[in-house]
Amino acid sequence: MIASAVYPNPANESINITLNNGNETVFVELIDVAGKVVLTKNCIGNSVLNVADFARGIYTIRLTANHTVQTTQVVLTK
């Protein structure tokens, strides 16, 4: 696994991503229910995603590092 924690869930302002390897470079994507990538970010180490401007609903966070992919569903509330 790439991330040991993705929190809070549900979230309204930001989502914290805690990585198993704090020095790892991770490509992060936030994907809406229609499958549209609405946010991309390259992260080195632990990161915070600002999700305050996105509509409420269910999203998928896809983390990619070293040919490994991890997905997590999150709920955004307002």
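This text gives an overview of the structure that appears in the document. (Residues numbered from 1 in each chain as written. Predicted model: local features only at pLDDT ≥ 70, side-chain atom pairs only at ≥ 80, totals over all residues. Heavy atoms only, no water.)

### Here's the deal with the environment of valine 51
Inference 1: Summarising the element assignment, valine 51 is placed in the loop between β5 (47-50) and β6 (57-65).
Inference 2: With a relative accessible area of 0%, valine 51 lands in the buried category.
Inference 3: Along the chain, valine 51 and asparagine 21 lie 30 residues apart, while their C-alpha atoms are 24 Å from each other.
Inference 4: Excluding residues within four positions of it along the chain, valine 51 makes contact with Asn12, Glu13, Ser14, Ile15, Leu30, Leu76 and Lys78. (Helix = DSSP H or I, 4+ residues; strand = E, 2+ residues; numbered from the N terminus. Buried < 20%, exposed > 50% of the residue type's maximum accessible area, 1.4 Å probe, protein only. Contact = heavy atoms within 4.5 Å.)

### Quick look at the sheet that holds strand β2 (residues 14-19)
Inference 1: Here three strands make up an open sheet; going across it, the order is β1-β2-β5 and the pairing antiparallel. With partners counted over all chains shown, the strands left at the sheet margins are β1 (3-7) and β5, one partner each. Adjacent strand axes in the sheet meet at a mean angle of 15°, parallel and antiparallel pairs treated alike.
Inference 2: Bridge count for β1 against β2 is four bridges, and the pairing is antiparallel. Its bridge partner being in β2, tyrosine 7 is matched across the sheet by asparagine 16. (Pairing = 2+ DSSP bridges. Axes fitted to C-alpha atoms, helices over the stretch in contact; angles between N-to-C directions.)

### A word on the side chain of glutamate 29
Inference 1: Structurally, glutamate 29 can be placed in strand β3 (residues 25-31).
Inference 2: Under the relative-accessibility criterion, glutamate 29 is labelled buried at 12%.
Inference 3: Separated by 2.7 Å, the side chains of glutamate 29 and arginine 62 make a polar contact.
Inference 4: The contacts of glutamate 29, once residues within four sequence positions are left out, are Val37, Leu39, Thr40, Thr60, Ile61 and Arg62. (Polar contact = N/O pair within 3.5 Å; in protein donor to acceptor, adjacent residues only side chain to side chain.)

### Side note on the nonpolar core
Inference 1: Membership of the largest hydrophobic core comes to 20 residues, with the highest contact counts inside it found for Ile15, Ile17, Val28, Ile61 and Leu63.
Inference 2: Examining the composition of this core, we find that four residues originate from one element, β6, more than from any other.
Inference 3: When neighbours within four sequence positions are excluded, isoleucine 61 is seen to be in contact with Val6, Ile15, Ile17, Val28, Glu29, Leu30, Leu49, Gln70, Thr71, Thr72 and Val74. (Core = buried A, V, L, I, M, F, W, Y, C linked by side-chain atoms within 4.5 Å.)

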